[in-house]
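# Chain and residue survey
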Amino acid sequence: MDLADDVALDQAFAYYDAVVQLDISRVDGRLRNPERVKLFMRSYARNQGTQAASEVIRRDMEANDTAMLNPATVCSYLQALERIFVVEEMKAWNPNLGQKL
């Protein structure tokens, strides 16, 4: 967008805050704790590129929170973020090395 670095960074932070504070709750009308959404997004980012199950993310979130989390809550965060196109589950890459070119 040809913006100065500080302006572009400010926009990225504003987008993140909008997702955490408003968008994730607006997508399905369920009120979500913004601090837990942040915990989820940090854990999801740490596990990006791995085959971590939602249980791994839940335990990671609990390590940084005082409350126990329901596994369904973690799944609902993921589903809400998928619906607003913040995260996208991707199929594993298969290079098919045995195929001739």
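Residues numbered from 1 in each chain as written. Predicted model: local features only at pLDDT ≥ 70, side-chain atom pairs only at ≥ 80, totals over all residues. Heavy atoms only, no water.

## Quick word on the packing of helix 3 (residues 54-63) against helix 4 (residues 71-83)
Interhelical geometry of helix 3 versus helix 4 gives an angle of 105° and a closest axis separation of 9 Å. As judged from the angle between their axes, helix 3 and helix 4 are roughly perpendicular. Facing Ser54, Glu55, Ile57, Arg58 and Met61 of helix 3, the residues of helix 4 in contact are Pro71, Val74, Cys75 and Tyr77. (Axes fitted to C-alpha atoms, helices over the stretch in contact; angles between N-to-C directions. Helix = DSSP H or I, 4+ residues; strand = E, 2+ residues; numbered from the N terminus. Parallel < 35°, antiparallel > 145°, perpendicular 65-115°, else oblique. Contact = heavy atoms within 4.5 Å.)

## Details of the packing of aromatic side chains
To describe a pair of aromatic rings, one takes the distance between the centres and the angle between the planes. By the definition in use, this model includes 2 aromatic pairs. Each ring, one from phenylalanine 40 and one from tyrosine 44, has its centre 5.8 Å from the other, and the planes form 25°; the classification is stacked. Taken as a pair, phenylalanine 40 and tyrosine 44 lie in helix 2 (residues 34-46) at a separation of 4 residues, close to a single helical turn. We note that phenylalanine 40, like tyrosine 44, is buried. With a centroid separation of 6.0 Å and an interplanar angle of 80°, the aromatic rings of phenylalanine 40 and tyrosine 77 are classed as edge-to-face. On the criterion of sequence distance, the pair formed by phenylalanine 40 in helix 2 and tyrosine 77 in helix 4 is long-range, its members being 37 residues apart. Taking relative accessible area as the criterion, tyrosine 77 reaches 5% and is therefore assigned buried. Pairwise contacts between aromatic rings join Phe40, Tyr44 and Tyr77 into one cluster. (Phe/Tyr/Trp six-rings, centres within 6.5 Å; stacked < 30°, edge-to-face > 60°. Buried < 20%, exposed > 50% of the residue type's maximum accessible area, 1.4 Å probe, protein only.)

## Some points on the layout of surface pockets
In this structure, the largest pocket spans a volume of roughly 420 Å³. Forming the walls of the largest pocket are 19 residues, and the residues nearest its centre are Tyr44, Gln48, Gly49, Thr50 and Glu89. Elements represented by at least two residues in the lining of the largest pocket include exactly helix 2, helix 3 and helix 4. Tallying contributions element by element places helix 4 first for the lining of the largest pocket, with 3 residues. For the lining of the largest pocket, the per-class residue count stands at 10 nonpolar, 6 polar and 3 charged. (1 Å grid on protein atoms, 1.4 Å probe; cavity = no way out; pocket = protein on both sides within 12 Å on 5 of 7 lines; lining within 4 Å. Points joined across faces, edges and corners; volume = space filled by probe spheres on them. Nonpolar A, V, L, I, M, F, W, Y, C, P; charged D, E, K, R; others polar.)

## Comments concerning the nonpolar core
Counting residues in each nonpolar core, the largest one holds 17 residues, and the members touching the most others are Val37, Phe40, Met41, Tyr44, Ile57, Met61 and Leu81. Those elements giving two or more residues to this core turn out to be helix 1 (5-26), helix 2, helix 3 and helix 4. Look past the residues within four positions of methionine 41 in its chain and what remains in contact with it is Tyr16, Val19, Val20, Leu81 and Val86. (Core = buried A, V, L, I, M, F, W, Y, C linked by side-chain atoms within 4.5 Å.)

## Considering helix 3
Buried within helix 3 we find Ile57, Arg58, Asp60, Met61 and Glu62. As for helix 3, its buried residues are in contact with helix 2 and helix 4.

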